[in-house]
Amino acid sequence: MAEKILMKGNEAIAISAIRNGVDGYFGYPITPQSEVMETLMKEKPWETTGMVVLQAESETSSINMVYGGASCGKKVMTSSSSPGVSLMCEGISYMAGAELPCVVVDVMRGGPGLGTIQPSQSDYNQIVKGGGHGDYHNIVIAPASAQDMYDFIDWGFELAFKYRNPVVVLADGIIGQMMEKVELHPMKPRRTAEEILEAAPWATTGKPATRERNIITSLSLDADIQEKFNRKLKNKYDIIEETEVKFSEYLAGDAEYLFVAFGCSSRICEAVVDELRGEGIKAGLLRPITLYPFPTKEIARLGKQVKSMMSVELNLGQMVEDVRLAVAGSCPVHFYGRQGGNIFTPEEIVGEFKKANGLA
Amino acid sequence: MKEEIIIAGFGGQGVLSMGKILAYSAIMQDMEVTWMPSYGPEMRGGTANVCVILSDKKIGSPIVTKYDTVIALNQQSLDKFEKAVKPGGLLLYDPNGITRSPERTDIEIHKIDAIEVAAKLGSSKVYNMAVLGGFLKLRPIVSMENVEKGLAKSIPARYGSLIPLNKAAIEEGMNAVE
């Protein structure tokens, strides 16, 4: 039987990085995700797996260290929270432009600006729609438990290397700070030099006589070459949208009303669905697990089945726009949110749901 | 079985670690758990609380507003959470420093003088374990065997020698609850 440990979501990120053969972590502390680096420093993986753990002088430095490591085909990552991730966005755009794989964990807190240190989901637009400049997408995966935090590191690197693209694990203060049972999977060793050549033949690992130089850059001064590259990215994104969508449903099969929520909000909405079902109202839940690619087709399908939807988010209404695009007017889409680090309770959402649907 | 518990008191009373040991003990009994602290710009002497949910099944919302059990270790916590006990639920409090006693009549109310237990054992650090003992006496959700395993998992190896003292505090707490 696999070992089961009680840990915070943030601790799960750190333990998972070590156990999944990550080569390097570069970060800068910020609440509510400081336990990631604290745990790494306590575990001292440089003495066991040889993983590098480095506290950079800023978030800008950390993401550029990630750029450097990724250029060499290494499995490298960073983590931060909202204001810190804003500082990283330039680097993330450069990595998207240089087609470099990496995992960035964003444990969101309330904004804008320095905001609060309490949980929030107010960076959906920033991370899902870009963050940095240029026509690019992050692959965005949204954990809802400490186990997800553990599992999504390995999954994140799998996607990052498969598509040579940055992957953002978009979490929030609740998932980061909450402790739950986490089941550890068997250790994966770090990749050997040969395995890196196989997984990342594009990497700058030293030029042998047998091939041309590998060049990692996001700079192209020729408009036609840049456009060709942009189209290549588009083809990649099309494949990602076609093949990598992941979501889960709770009692959505016969639902007349559908909640759409990600991360911690989806957990809270499970209790809302239970409460409404107890009153005889056929409610269901769709939780997008990948935020990019978004489960557009499934939401469109359910839009024809239900009387209305409600997007529940810890922000002023961001994902709701993607839900409305998906249903394309086939049913009303309501929104309920809390901001500033405040968290909605199941009872509160039930009340707002009834009000929005004239059931109060 | 699902038990939704909030433990609230002053920072430094061991509220968070008490919740952690309870949660770890439940994992040893193969239950599902969530441990959700109030976090923020907290400091020693300020208030601290943690919501612990123990269940046989997968836990949905880690955020609840009504609790099966409220454990209140100071007046502020008692004032804030007495009304949050579900009807028929449990309120356990430490009477030290309490000037306004609980008033509800539709819940089960017990008290534990955990300061006295800790003083008797000669360590203020086991105060929280005395409270945990009191709770487990009233709600024997996890067996003592699993509590011991949970303790061993929660206490860093270098402090392993303190396990017997913690266990003694839990047992004394079981006797002290009124």
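Each value, and the rule that gives it
- Residues numbered from 1 in each chain as written.
- Chains lettered and ligands numbered in written order.
- Predicted model: local features only at pLDDT ≥ 70, side-chain atom pairs only at ≥ 80, totals over all residues.
- Helix = DSSP H or I, 4+ residues; strand = E, 2+ residues; numbered from the N terminus.
- Rg over C-alpha atoms; globule rule 2.2 N^0.38 Å.
- Contact = placed C-beta atoms within 7 Å.
- Pairing = 2+ DSSP bridges.
- Axes fitted to C-alpha atoms, helices over the stretch in contact; angles between N-to-C directions.
- Nonpolar A, V, L, I, M, F, W, Y, C, P; charged D, E, K, R; others polar.

Caption draft 1: Focus on the overall build of chain A. Secondary structure assignment for chain A yields 13 helices and 14 strands. On C-alpha atoms alone, chain A measures out to a radius of gyration of 21 Å, which is about the 21 Å that the 2.2 N^0.38 rule sets for 360 residues. Sequence-distant contacts in chain A: of pairs separated by 6 or more residues, those separated by 24 or more amount to 78%.

Caption draft 2: Geometry of the sheet that holds strand E10 (residues 257-260) of chain A. Residue and element names in this part refer to chain A. Spatial strand order, E9-E11-E10-E13-E14: five strands in an open sheet with mixed pairing. Two strands in the sheet have a free side with no partner beyond their single neighbour: strand E9 (247-250) and strand E14 (333-337). Going from strand to strand, the sheet's axes swing by 20° on average, the running direction of each strand aside. As judged from the four bridges shared by E10 and strand E13 (residues 308-313), these two strands associate in the parallel manner. The residue of E13 that forms the bridge with Val 260 is Ser 311. Where helix H11 (residues 296-303) meets the sheet, it contacts E9, E10 and strand E11 (283-288), and its direction lies at approximately 165° from that of E11. Contacts from helix H12 (residues 319-327) reach E10, E13 and E14, with the element oriented near 160° to E13.

Caption draft 3: Summary view of the interface of chain B and chain A. Listed by partner, the interface residues are 17 residues for chain B and 20 residues for chain A. Of all the secondary-structure elements, those providing two or more residues to the side of chain B that touches chain A are helix H1 (15-28) and strand E2 (32-37) of chain B. The residue inventory of the side of chain B that touches chain A, partitioned by class, reads 10 nonpolar, five polar and two charged. Summarising the sheet, strand E8 (residues 179-183) of chain A and E2 of chain B pair through two bridges and their orientation is antiparallel. Bridging from a neighbouring strand, Glu 180 of chain A pairs with Thr 34 of chain B of E2 of chain B.

Caption draft 4: Representation of the sheet that holds strand E3 (residues 47-55) of chain B. Taking strand neighbours across the sheet as the criterion, the eight strands line up as E1(A)-E8(A)-E2(B)-E3(B)-E1(B)-E4(B)-E5(B)-E6(B) in an open arrangement whose pairing is mixed. Every interior strand has two partners, whereas the edge strands, strand E1 (4-8) of chain A together with strand E6 (108-111) of chain B, have only one. With strand direction ignored, the average angle separating the axes of adjacent strands in the sheet is 20°. In this sheet, E3 of chain B lies alongside E2 of chain B in antiparallel orientation, the contact comprising six bridges.

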